[in-house]
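Per-entry structural report
Single-letter residue listing:
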Amino acid sequence: IMKPLSYNFVLKDKKTGEVLATEQISKSFVDDGVRRITVKTGRIRGTLFLPPKPGPGIITLYGGVNKGKVPEDRAAMLASHGFVTLALAFFGVDDLPEVYSSFDLEYFEEAVDYLLSLPEVTHHQVGLCGSSTGGNICLTMMMFFGHKIKACAVFSVPFVSAPGPTIYKEQVLEGSEFAWESNPENPLGIKGGLDEIKRNPQKQILFEKSDAPLLVFVGEEDGNNPDHGKFAIDRAQQSGKSNVKLVEFPETGHLIDLPHCPHVKEAKHPLIPPSETIQFGGKAQPHALAQFQAWDALLEFFKSNLQSWVK
């Protein structure tokens, strides 16, 4: 992640094969001066990115892993904009469980406390940025220890604890099952759909218990997640929470990645057999555009809610 990626582009005549033009382009995730540090402190596993100067802290959480390593790209890019960023692993890395089934929220609170203890962090609350299952975890952090959270942004979430429960001390948020078998066309959907969630308040993540602002990104071709998002945000607003925003992207699927990253329409998932893949939806051009728009909105959100606030 610390080294630029180099790409060689060749434009050829389709009929003759004649090379019309060539170009080399480099892609970097980090600015000069950003430091990368492997974190293995207590139970915490992840990667810390330190910008040249002290700044606000952000934890990034993904729903998957990359060849036994925590995904670092979003954390690295946020650090390049002045945020002290921890890319936090919760499975599949080092001595953590190989896959997840339930969630011990005290582990994530330890990560928050670790980040806040660093001398490079200038605030006494953190920002959260989570995608898919990582986004659900961020929402439960808002629910159970929201006083430690300053701002939260999530991508592509069903607003439930899936596929199992979330446990925080003596409190339990009931889990929701994925629809692997009942709905093969939308395996990341929640079994029973939105109706099941509405019937069971004990399965709903009450993120509105936190005062922190929430920014939600969702692709309109991301299964039932747009409906889940609208329901959860309507519920929060009815309870008096006004600092929450839902951003929907047309013709966009589940994996809303960073700018200049390819549209991933199909991929493997840690909870299904290695020989199988999941269709994540979206159309190439509008999905790619959504990734640019989401990154710009994410940066503006964190800059306005974190960098403008002094400890």
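As shown above, the structure is provided for reference.
These numbers come from a predicted model, not from an experiment. (Residues numbered from 1 in each chain as written. Predicted model: local features only at pLDDT ≥ 70, side-chain atom pairs only at ≥ 80, totals over all residues. Heavy atoms only, no water.)

Check the secondary structure of the protein chain and you find six helices and 15 strands. At 20 Å, the protein chain has a C-alpha radius of gyration in line with the 19 Å of a compact globule built from 311 residues. Projected onto the principal axes, the alpha-carbon positions of the protein chain cover approximately 70 × 50 × 40 Å. Burial status across the protein chain gives 51% buried among its 311 residues. Long-range pairs, those at least 24 residues apart, make up 69% of the contacts in the protein chain between residues at least 6 apart in sequence. For the protein chain, the accessible area works out to roughly 14900 Å², and carbon and sulfur atoms hold 50% of it. Distance from the positive charge centre (31 side chains) to the negative charge centre (37 side chains) of the protein chain: 3 Å. (Helix = DSSP H or I, 4+ residues; strand = E, 2+ residues; numbered from the N terminus. Rg over C-alpha atoms; globule rule 2.2 N^0.38 Å. Buried < 20%, exposed > 50% of the residue type's maximum accessible area, 1.4 Å probe, protein only. Contact = heavy atoms within 4.5 Å. Areas by Shrake-Rupley, 256 points an atom, 1.4 Å probe, with all protein chains shown as cover. Lys, Arg positive; Asp, Glu negative; His and termini not counted. Charge placed at Lys NZ, Arg CZ, Asp CG, Glu CD.)

With mixed pairing, the three strands of this open sheet are ordered in space as 7-10-11. Looking at the sheet topology across the chains shown, the edges are occupied by strand 7 (103–104) and strand 11 (171–173). As paired elements, strand 10 (residues 166–168) and strand 11 share three bridges and run antiparallel to each other. By the bridge assignment for strand 11, T166 is matched with L173. Across the sheet, helix 2 (residues 105–117) touches strand 7 and strand 10, and the angle it forms with strand 10 is around 60°. Strand contacts of helix 3 (residues 133–145): strand 7, strand 10 and strand 11, with the helix running at about 145° to strand 11, the strand carrying the most contacts. (Pairing = 2+ DSSP bridges. Axes fitted to C-alpha atoms, helices over the stretch in contact; angles between N-to-C directions.)

Take the packing of aromatic side chains next. Counted under the stated rule, the structure contains 15 aromatic pairs. Aromatic side chains Y107 and F108 sit 5.2 Å apart centroid to centroid with 85° between the ring planes, which places their arrangement in the edge-to-face category. Side by side, Y107 and F108 carry an identical accessibility label, which is buried. With 6.1 Å between their ring centres and 10° between their planes, F217 and F249 make a pair best called stacked. Of this pair, F217 sits in strand 12 (residues 214–219) while F249 sits in strand 13 (residues 244–249), placing them 32 residues apart in sequence. Judged on exposure class, the residue F217 and its partner F249 are both buried. A network of ring pairs unites the aromatic residues F90, F91, Y100, F103, Y107 and F108 as a single cluster. (Phe/Tyr/Trp six-rings, centres within 6.5 Å; stacked < 30°, edge-to-face > 60°.)

Attention now goes to the sheet that holds strand 9 (residues 149–155). In spatial order, the strands read 3-4-6-5-8-9-12-13; together these eight strands make up an open sheet with mixed pairing. Of all strands in the sheet, those bounded by a partner on one side alone are strand 3 (35–41) and strand 13. Taken pair by pair, the neighbouring strands of this sheet meet at an average axis angle of 20°, ignoring direction. Examined bridge by bridge, strand 12 and strand 13 share six bridges and lie parallel to one another. In the strand pairing of strand 13, L215 is matched with K245. Across the sheet, helix 2 is in contact with strand 3, strand 4 (44–50), strand 5 (57–61), strand 6 (84–88) and strand 8 (126–131); its angle to strand 6 comes to roughly 155°. Most of the contacts of helix 6 (residues 284–307) go to strand 9, to which it runs at about 175°, and overall it touches strand 5, strand 8, strand 9, strand 12 and strand 13.

Here the structure, examined in full by the defined rule, presents 14 salt bridges. Across the salt bridge formed by R43 and E110, the nearest N and O atoms sit 2.7 Å from each other. With R43 in the loop between strand 3 and strand 4 and E110 in helix 2, this residue pair connects regions lying 67 residues apart in the sequence. Classification of R43 as partly exposed rests on a relative accessible area of 36%. With a relative accessible area of 32%, E110 lands in the partly exposed category. Note that E208 is salt-bridged to R235, the shortest N-O span being 2.8 Å. Taken as a pair, E208 in the loop between helix 4 (193–199) and strand 12 and R235 in helix 5 (residues 225–238) lie far apart in primary sequence, 27 residues in all. The pair formed by E208 and R235 is uniform in burial state, with each residue classed as buried. Sharing partners across several salt bridges, the network here consists of K40, R45, D94 and D95. (Salt bridge = Lys/Arg side-chain N within 4 Å of Asp/Glu carboxyl O.)

The omega torsion across A162 and P163 is 10°, close enough to zero to call that bond cis. If you trace the backbone, P163 turns up in the loop between strand 9 and strand 10. For S132, which is not glycine, the phi dihedral falls at a positive 60°. Unlike most non-glycine residues, E251 shows phi in positive territory, near 55°. Within the element layout of this structure, E251 appears in the loop between strand 13 and strand 14 (266–267).

Just geometry here; none of it tells us what the structure is for.
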